[in-house]
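# Descriptive analysis of the structure
In case you want the letters, here they are:
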Amino acid sequence: MAQTVGELRVDFVSGAVAHRLKFGGGRGQDLPKAMGLRAGKTPTIIDATAGLGRDSFLLASLGAQVTMIERSEKMHALLADGMARAHDEGGVFREIIERMTLLKGDAKELLPTLSGEAILIDPMHPPRKNSALVKRELRQVREIVGTDEDAADLLHVALETAEKRVVLKWPAKADPIAGIRPCSHQIVGKSTRYDVFMIA
């Protein structure tokens, strides 16, 4: 039976995720570029804050092996359920899911035990400065996982353990996280930016 929390469910087979799979623009999209996917290069990736799993699914659809970490029990159950349903769908969905590994735990503790060329961190973002309501789905996720007060600590651990780069996914207009060294470069979209920290 599908695991749902309220009406929140992780769905890789239909809706926004399937649309992005078909029409998203491949490696030319901001996220794959930020993560270092380019012609002939497909880094191993760790998604330290898996959430709904959409970024991991996109990266896996482009050929990357992705390890996802989720510390919320409920969110982990939703992800596991969504991955199982996509795997059962077979075809391209099964191929993508087979490149995704889901771990449960605190990324700050797990990252030092894993090896990945690129680490993605997408913390629950600070509340918007404007009063526009955040999408209901994201509000539901926030209700489950809370706010990531330890985002700076996680970023520090990632910078110590990544082999090639760490990417912070952050609202385009939000201030940088305090206490973190300046990023190497940024890819800025309409509402989201990717702060890329290259590891020397």
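The structure contained in this document is the topic of the report that follows. (Residues numbered from 1 in each chain as written. Predicted model: local features only at pLDDT ≥ 70, side-chain atom pairs only at ≥ 80, totals over all residues. Heavy atoms only, no water.)

## Things to note about the overall build of the chain
Regarding its fold elements, the chain presents 8 helices and 7 strands. Split into buried and exposed, the 200 residues of the chain put 45% on the buried side. Partitioning the intrachain contacts of the chain with sequence separation of at least 6 by distance along the chain shows that 66% fall at a separation of at least 24. Total accessible area on the chain stands at roughly 10300 Å², and carbon and sulfur atoms take up 52% of it. (Helix = DSSP H or I, 4+ residues; strand = E, 2+ residues; numbered from the N terminus. Buried < 20%, exposed > 50% of the residue type's maximum accessible area, 1.4 Å probe, protein only. Contact = heavy atoms within 4.5 Å. Areas by Shrake-Rupley, 256 points an atom, 1.4 Å probe, with all protein chains shown as cover.)

## Observations concerning the packing of aromatic side chains
Tallied over the full model, the rule gives 1 aromatic pair. Seen from their ring centres, Phe-12 and Phe-57 are 4.9 Å apart, and the 15° between their planes marks the pair as stacked. In this pair, Phe-12 is assigned in the segment before α1 (15-23) and Phe-57 in helix α3 (residues 54-61), connecting sequence segments 45 residues apart. Judged by relative accessible area, which is 1%, Phe-12 ranks as buried. Looking at Phe-57, the relative accessible area reads 2%, which means it is buried. (Phe/Tyr/Trp six-rings, centres within 6.5 Å; stacked < 30°, edge-to-face > 60°.)

## Notes on the pattern of salt bridges
For the coordinates displayed, the defined rule picks out 10 salt bridges. The closest approach of N and O atoms between Arg-71 and Asp-150, which form a salt bridge, is 2.8 Å. Of this pair, Arg-71 sits in the loop between β2 (66-70) and α4 (73-89) while Asp-150 sits in the loop between α7 (136-145) and α8 (151-161), and the two are 79 residues apart along the sequence. Exposure remark for Arg-71: the relative accessible area of 38% places this residue in the partly exposed category. By relative accessible area, Asp-150 is classed as buried at 15%. Among the charged side chains, a salt-bridge network with shared partners connects Arg-71, Asp-106, Lys-108 and Asp-150. (Salt bridge = Lys/Arg side-chain N within 4 Å of Asp/Glu carboxyl O.)

## Brief notes about the sheet that holds strand β6 (residues 185-188)
Taken in spatial order, the 7 strands line up as β3-β2-β1-β4-β5-β7-β6 in an open sheet, and their pairing is mixed. Pairing within the sheet leaves two strands with one partner each, and these edge strands are β3 (100-104) and β6. Strand-to-strand, the axes of this sheet are offset by a mean angle of 20°, without reference to chain direction. Strands in contact with α4 are β2 and β3; relative to β3, the strand with the most contacts, it is inclined by about 155°. (Pairing = 2+ DSSP bridges. Axes fitted to C-alpha atoms, helices over the stretch in contact; angles between N-to-C directions.)

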